[in-house]
Structures are given as structure tokens and as C-alpha cells.
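These are the residues of each chain, in order.
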Amino acid sequence: MNEDGGWGLHVEAHSNMHCTVLNYICMRILGEGPDGGKENACSRGRKWILYHGGAVSIPTWGKAWLSLYLAYLIGQDANQCPQSFGFFPLFFLYNQFLQANYAKIVELIQAQRI
């Protein structure tokens, strides 16, 4: 944890929203209270998140992880992306050949169930 209350990608990195939110959620799942953790880490992390605009400003992968964490916390399945986009006919506006390869991989990974 950095002095400002957030977390970075590594020990010497500046705080960013993605790492701070994921670390905060993991600490809460592992049983730390709202004011728990070493040197009040949960409280300081929550204040950093709220001061910097909340968890809505994290990137897409962070939102995917948050939806999985939320599904774990409430005990339900997370909403999925449709898995059948690859089977759309070529005349559809959205088909598999219009995507870059890395986008196909991301879509398939996020569509999987836990």
C-alpha cells in the first residue's frame, strides 16, 4: 500500500484505481472488516477509491473481475457474454472476421462461466 492509501502494480508504482479496487475487494473477501488490515488498509483504500471517483473508472478487465467477485459474494452466476457470436453468418454486421484476434480471445474468456 502506498502512503496515499492506494495500491499500484508493483511496490514502487503510483496508486491506480484498478489495483486499489481489486486489492480492497480481495481483502474484504478474505475476511477483513471495513476498518481492518494492517495500518487500517481497508479504510484507507476505500477512502482513496471514493476520493478518485469510485470503481466505475477502472478498465474493462477490472469490471469483469468485479462482476465475478460480486457473483461470488452473493452466490449467483455472473451475467455472461453470448458465446455464439462466432456462429453468426458473415452478412451480419457483427461477425467473427471483423474482430482482431486478441478481441476474440478476450470475448471468449469473459464469456466463460466459473
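Note that the coordinates shown come from a computational prediction; the quantities given were computed from them, not determined experimentally.

On to the overall build of the protein, then. In terms of regular secondary structure, the protein is built from four helices and zero strands. Going residue by residue from the N terminus, the α and β elements of the protein occur as α-α-α-α. Of the contacts made within the protein by residues no fewer than 6 positions apart, 49% connect residues no fewer than 24 positions apart. Of the accessible surface of the protein, which amounts to about 8300 Å², a share of 61% is contributed by carbon and sulfur atoms.

What follows covers the environment of Lys47. Note on placement: Lys47 falls in helix H2 (residues 41-51). The class for Lys47 is exposed, based on a relative accessible area of 57%. C-alpha of Lys47 to C-alpha of Gly6: the two residues are 41 residues apart in sequence and 8.9 Å apart in space.

Residues with a pLDDT of 70 or more make up 62% of the protein, whose mean pLDDT is 76. The secondary structure element of the protein with the lowest average pLDDT is helix H4 (residues 101-111), at 62, and the one with the highest is H2, at 91.

Owing to its 3.6 residues per turn, the α-helix brings residues three or four apart onto one side. Along H2, the positions that sit buried rather than exposed are Ala41, Cys42, Ser43, Gly45, Trp48 and Ile49. The elements touched by buried residues of H2 are helix H1 (17-29). After H2 finishes, the residue Gly53 shows a positive phi value of roughly 105°.

It is worth spelling out the side chain of Ser43 at this point. Considering the arrangement of structural elements, one finds Ser43 in helix H2. The contact partners of Ser43, leaving out residues within four places of it in the chain, are Pro34 and Asp35.

Here we take up the side chain of Thr20. As for its placement among the helices and strands, Thr20 is situated in helix H1. With residues up to four places along the chain from it excluded, the contact list for Thr20 reads Gly5, Gly6, Trp7, Gly45, Trp48 and Ile49.

What follows covers the nonpolar core. In this structure, Met17, Val21, Ile25, Ile49 and Leu66 are the most contacted members of the largest nonpolar core, which totals 15 residues. Elements that contribute at least two residues to this core include exactly H1, H2 and helix H3 (60-74). For this core, the element with the highest residue contribution is H1, accounting for seven residues.

Taking 1.5 Å as the rise per residue, H1 with 13 residues should run 18 Å; its terminal C-alpha atoms sit 18 Å apart, in good agreement. Considered for burial, the residues of H1 that qualify are Met17, Cys19, Thr20, Val21, Leu22, Tyr24, Ile25 and Met27. Among the residues of H1, the N-terminal cap falls to Asn16, whose side-chain oxygen and the backbone nitrogen of His18 are separated by 3.3 Å. Once H1 ends, the next one or two residues include Gly31, with phi positive near 110°.

Cut-offs used in this document
Residues numbered from 1 in each chain as written. Predicted model: local features only at pLDDT ≥ 70, side-chain atom pairs only at ≥ 80, totals over all residues. Heavy atoms only, no water. Helix = DSSP H or I, 4+ residues; strand = E, 2+ residues; numbered from the N terminus. Contact = heavy atoms within 4.5 Å. Areas by Shrake-Rupley, 256 points an atom, 1.4 Å probe, with all protein chains shown as cover. Buried < 20%, exposed > 50% of the residue type's maximum accessible area, 1.4 Å probe, protein only. pLDDT = per-residue confidence, 0-100. Core = buried A, V, L, I, M, F, W, Y, C linked by side-chain atoms within 4.5 Å. Expected span 1.5 Å × (residues − 1). Polar contact = N/O pair within 3.5 Å; in protein donor to acceptor, adjacent residues only side chain to side chain.

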